[in-house]
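# Geometric and topological summary
Read off the chains here:
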Amino acid sequence: MDGTERRAVSGAGTHRTPGSRTEPEPPPPGGVLWTIAGDVRALLMLPAAFTLQVAHPAIGAGVDQYSVFRTDPWGRGERSLRSVQLWVYGGEEAAEEGRRVRRLHKDIRGTDTRGRPYHSLDPACYAWVHATGFPIYLYAGRYLLRRFTPAQERQLYREWLQVGRILGLRDRDMPQSVEEYWTYWGRMLAEEIEPTKVARELLATDVPLPRPEVDSSAARLLLRLTWPALRAAFLRFRAFVTVGYMPPEARAVLGLEWNRTQERRLRRFSTAARILVPLLPERLRYLPIARAARARRHAAAR
């Protein structure tokens with residue numbers, strides 16, 4: 001990428017508010033992220049991305065100490081999913097959500113698993129949390145969505161950089177081209193990523209898991225009676241999709257085994273999802289924030 005292209009990328013996707021503050025804009029409607037981020041199949045990709053995030057020594061330490069993922073995993077997951085959806089589909093809300101995320105993390109600091117001091121908003125940590133989404137979309141997308149063309153891969157990365165700006169990442173904090181990204185990815189896997197305590201916990205099938213909260217008393221009773229079996233099945237499924245949709249080079253760094261039988265099962269499951277989900281009505285195929293944004297866009301087009 002030459003200097004002219006870098007300047008063009010750096011200034012792309014911003015607008016000025018009435019107070020003359022430059023706000024980063026979300027990825028464009030109709031783009032690659034707009035198409036895939038709100039699809040319900042994206043839910044299957046999230047466990048692999050989150051596990052890669054906490055495999056960073058500092059992020060693993062921060063989540064271990066500060067997160068409620070053990071005591072309120074369902075609430076935490078819902079809040080995180082809503083945040084991700086707003087970054088892509090939130091329009092004017094996207095930048096404010098990015099600021100909220102930064103405020104939420106400003107006091108998270110400590111010592112990582114290697115004895116190094118960290119702050120959660122240090123670019124080396126904060127950028128990795130965001131950076132994990134790109135390879136997961138590409139690798140899991142081959143199974144669940146489609147194989148991206150080189151042009152779509154580049155467009156996806158440009159849009160992912162735009163989301164990074166919403167989160168407060170500066171251009172110097174992230175690789176600015178796909179080629180630079182893969183160099184960064186290889187270095188992070190070789191030098192930083194490890195099977196942290198939290199990463200191992202997310203892959204375990206014998207850990208405690210609180211029941212989700214439901215409104216109906218009948219549903220609560222049914223859930224209470226069936227939860228031991230549902231919990232075991234959910235943990236096995238979560239571990240299966242986490243390892244299956246994680247790029248093989250990342251699996252190797254984390255010491256995760258994956259055999260041909262598991263690969264065949266993953267391909268069968270993914271093929272079913274790839275065929276059946278597009279047949280669903282829009283209210284079932286897309287997550288609520290994405291569905292609302294798509295409805296607004298269709299109404300404006302009419």
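Refer to the preceding data block for the structure.
First, a word on scope: everything that follows refers to the structure included in this document.

What counts as what
- Residues numbered from 1 in each chain as written.
- Predicted model: local features only at pLDDT ≥ 70, side-chain atom pairs only at ≥ 80, totals over all residues.
- Heavy atoms only, no water.
- Axes fitted to C-alpha atoms, helices over the stretch in contact; angles between N-to-C directions.
- Helix = DSSP H or I, 4+ residues; strand = E, 2+ residues; numbered from the N terminus.
- Parallel < 35°, antiparallel > 145°, perpendicular 65-115°, else oblique.
- Contact = heavy atoms within 4.5 Å.
- Phe/Tyr/Trp six-rings, centres within 6.5 Å; stacked < 30°, edge-to-face > 60°.
- Lys NZ or Arg CZ within 6 Å of the ring centre and 35° of its normal.

For any two helices packed against each other, the geometry comes down to the angle between their axes and how far apart the axes lie. Orientation of helix H8 (residues 133–144) relative to helix H10 (residues 178–191), taken along the N-to-C sense of each, is 100°, at an axis distance of 11 Å. The orientation of H8 relative to H10 falls into the category roughly perpendicular. Touching Phe134, Pro135 and Leu138 of H8 are Val178, Tyr181, Trp182 and Trp185, all from H10.

Glancing now at the packing of aromatic side chains. Going through the model one piece at a time under the given rule, you end up with 18 aromatic pairs. Plain terms: the ring middles of Tyr181 and Trp185 are 6.4 Å apart, the flat faces sit at 20° to each other, and that makes the pair stacked. One end of the pair is Tyr181 and the other is Trp185, both in helix H10 and four residues apart, which spans about a single turn. Feature note: the residues Trp128, Phe134, Tyr157, Tyr181, Trp182, Tyr184 and Trp185 constitute an aromatic cluster, connected by ring pairs. The side chain of Arg265 reaches across the aromatic face of Phe240, ending 4.5 Å from its centre. Above the ring of Tyr286, the side-chain terminus of Arg294 is found at 4.0 Å from the ring centroid.

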